[in-house]
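Each chain, letter by letter, is given below.
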Amino acid sequence: MIVASVGNVLVWAVWVVAAFACLGSGIAVVSFSNPFYSALALIGNLGALAVLYLLLSAEFVAAAQVLVYAGAVMVMFLFVIAYIGPHSESPWMGGPSWQAVGAVLAAGALLVEIIVVIGLKASGHLAHSERVGAAFGSPAEIGRLFLTDHLLAFEITSIVLLVAAIGGVILGGHSRRAAGEVPPL
Amino acid sequence: MSGPGVAWYLSVAAFLFGTGSLGVLLRRNPLIVLLSLEIMLNGANLALIGFARNFGDGSGQIFALAVMAVAASEVVVGLGLIVALNRKRVTLDVDRLNTLRG
């Protein structure tokens, strides 16, 4: 019993740290003026989210989050920011404009809507959660679901990734050709 | 399930989504708009995984992985557009990018 309660306190402690790191780095992404710092804060946000996924026994998704997001996607972001050069922009300076006030109001309204909808529709189910086995969220279970129940989603995902790769190549190549059309002086 | 219930995770997800939408609405730099979009997608992912744990059904995790793939595609296309705009020496400000003419 004592071991169980110590484990419970430990899980709570990890949850509190990860959740506040998540929310704080999310706010940092939105409010940093330099996009480079925003991208670094987003990496922290993704790492904290991976901890939350682990607490929800989604081991494979947590690993994919760290590898795909914090690894590949964010490295691409940092490369593009380094290529373009940081254009600083201070979102909170110069007094509140009507656009900023409207944005804060709209985001707050969206937040309230989400909380109300989840509270109305799902509060009956949230009191107790199902017991899950050790295999829940493991790579074997994810692979079995992907190749049996969700095969169509798997194939469509591969097509989406292929189309995005082709689109990226076309976007990059087109602008290079357009730059080549400028006659050299 | 020891530790906090799923409702706590869902509230974190809601706050993440709200923060991301604030960034999308407030910021003018398209790079930071893309980063804020990632926060919104991650909030939705956290909600999906929380519900998957709550119902003991792995389909929510499959959905979250599909969302991750779509997010990676979105980043590829979005960053490609930003680089293309930068090569055309267009100011990177979403308030000024209001025409589709090349």
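Residues numbered from 1 in each chain as written. Chains lettered and ligands numbered in written order. Predicted model: local features only at pLDDT ≥ 70, side-chain atom pairs only at ≥ 80, totals over all residues. Heavy atoms only, no water.

Colleague: Help me out: how do you make sense of the overall build of chain B in this one?
Modeller: Secondary structure summary: chain B contains 3 helices and 0 strands in total. Mapped in sequence order, the helices and strands of chain B form the string α-α-α. For 102 residues, the compact-globule estimate of 2.2 N^0.38 gives 13 Å, and chain B exceeds it by more than 25% at 17 Å. Taken across its 102 residues, chain B has 60% of its residues classed as buried. Within chain B, counting contacts between residues at least 6 apart in sequence, those at least 24 apart form 54% of the total. A total accessible area of about 3900 Å² is found for chain B, and carbon and sulfur atoms account for 63% of it. (Helix = DSSP H or I, 4+ residues; strand = E, 2+ residues; numbered from the N terminus. Rg over C-alpha atoms; globule rule 2.2 N^0.38 Å. Buried < 20%, exposed > 50% of the residue type's maximum accessible area, 1.4 Å probe, protein only. Contact = heavy atoms within 4.5 Å. Areas by Shrake-Rupley, 256 points an atom, 1.4 Å probe, with all protein chains shown as cover.)

Colleague: It is not clear to me how the domain arrangement of chain A should be interpreted in this structure. Could you clarify?
Modeller: As a measure of interface size, the accessible area lost when the parts come together is often cited. Residues and elements named next belong to chain A. Domain annotation for chain A reports domain 1 (1-88) and domain 2 (135-177). For domain 1 and domain 2, the distance between their C-alpha centroids amounts to 23 Å. Across the boundary between the two partners, domain 1 contributes 5 residues, which contact 5 residues of domain 2. Each partner contributes to the roughly 350 Å² buried at the junction of domain 1 and domain 2, and carbon and sulfur atoms together form 64% of this total. (Domains from an automatic or database assignment. Buried area = accessible area lost by both parts, 1.4 Å probe.)

Colleague: Got a minute to help me understand a nonpolar patch on the surface in this structure?
Modeller: Residues W12, V16 and F20 of chain A together with W8 of chain B make up a contiguous nonpolar surface patch of roughly 410 Å² in combined accessible area. For the nonpolar patch, the leading source of residues is helix α1 (residues 2-31) of chain A, giving 3 residues. (Patch = residues over 30% accessible without salt bridge, like charges linked within 9 Å, V, L, I, M, F, W, Y side chains within 5 Å. Salt bridge = Lys/Arg side-chain N within 4 Å of Asp/Glu carboxyl O.)

Colleague: How should unusual backbone geometry be read in this particular structure?
Modeller: Both trends apply: most residues other than glycine have a negative phi, and most peptide bonds are in trans. All names here are of chain A. Notably, S57 is not glycine yet its phi reads approximately 50 degrees, a positive angle. With respect to the secondary-structure elements, S57 resides in the loop between α2 (35-55) and α3 (59-84). Residue classification places S57 among the buried positions, given a relative accessible area of 16%.

Colleague: What exactly am I supposed to notice about the interface of chain B and chain A here?
Modeller: Contact with chain B, which involves 68 residues of that partner, is made by 77 residues of chain A. Approximately 6700 Å² of surface area, both sides summed, lies buried where chain B meets chain A, with 76% of it carried by carbon and sulfur atoms. Together, L35, R53 and I62 of chain B form the three largest contributors to the area buried by chain B at its contact with chain A, with a combined 10%. Linking chain B with chain A are 0 salt bridges, by the criterion used here. Linking chain B with chain A are 6 residue pairs in polar contact (both at pLDDT 80 or more). (Polar contact = N/O pair within 3.5 Å; in protein donor to acceptor, adjacent residues only side chain to side chain.)

Colleague: Looking at this model, I keep getting lost on the packing of aromatic side chains. Mind explaining?
Modeller: Aromatic ring pairs are defined here through the distance separating the ring centres and the angle between the ring planes. This structure, assessed with the given rule, holds 7 aromatic pairs over all chains. Residues W12 of chain A and W8 of chain B carry aromatic rings whose centres are separated by 5.5 Å and whose planes lie at 80 degrees to one another, so their mutual orientation is edge-to-face. Residue W12 of chain A is found in helix α1, and its partner W8 of chain B is found in helix α1 (residues 6-26); the two belong to separate chains. By relative accessible area, which is 30% here, W12 of chain A ends up partly exposed. Overall, W8 of chain B belongs to the partly exposed group, its relative accessible area being 44%. On the numbers, 6.2 Å between centres and 15 degrees between planes, the contact of F51 of chain B with F55 of chain B is stacked. In this pair, F51 of chain B and F55 of chain B both sit in helix α2 (residues 30-55), 4 residues apart, roughly one turn of the helix. Residue class for F51 of chain B comes out partly exposed when judged on its relative accessible area of 23%. Among the aromatic residues, those joined into a cluster by ring pairs are W12 and W15 of chain A together with W8 and Y9 of chain B. (Phe/Tyr/Trp six-rings, centres within 6.5 Å; stacked < 30°, edge-to-face > 60°.)

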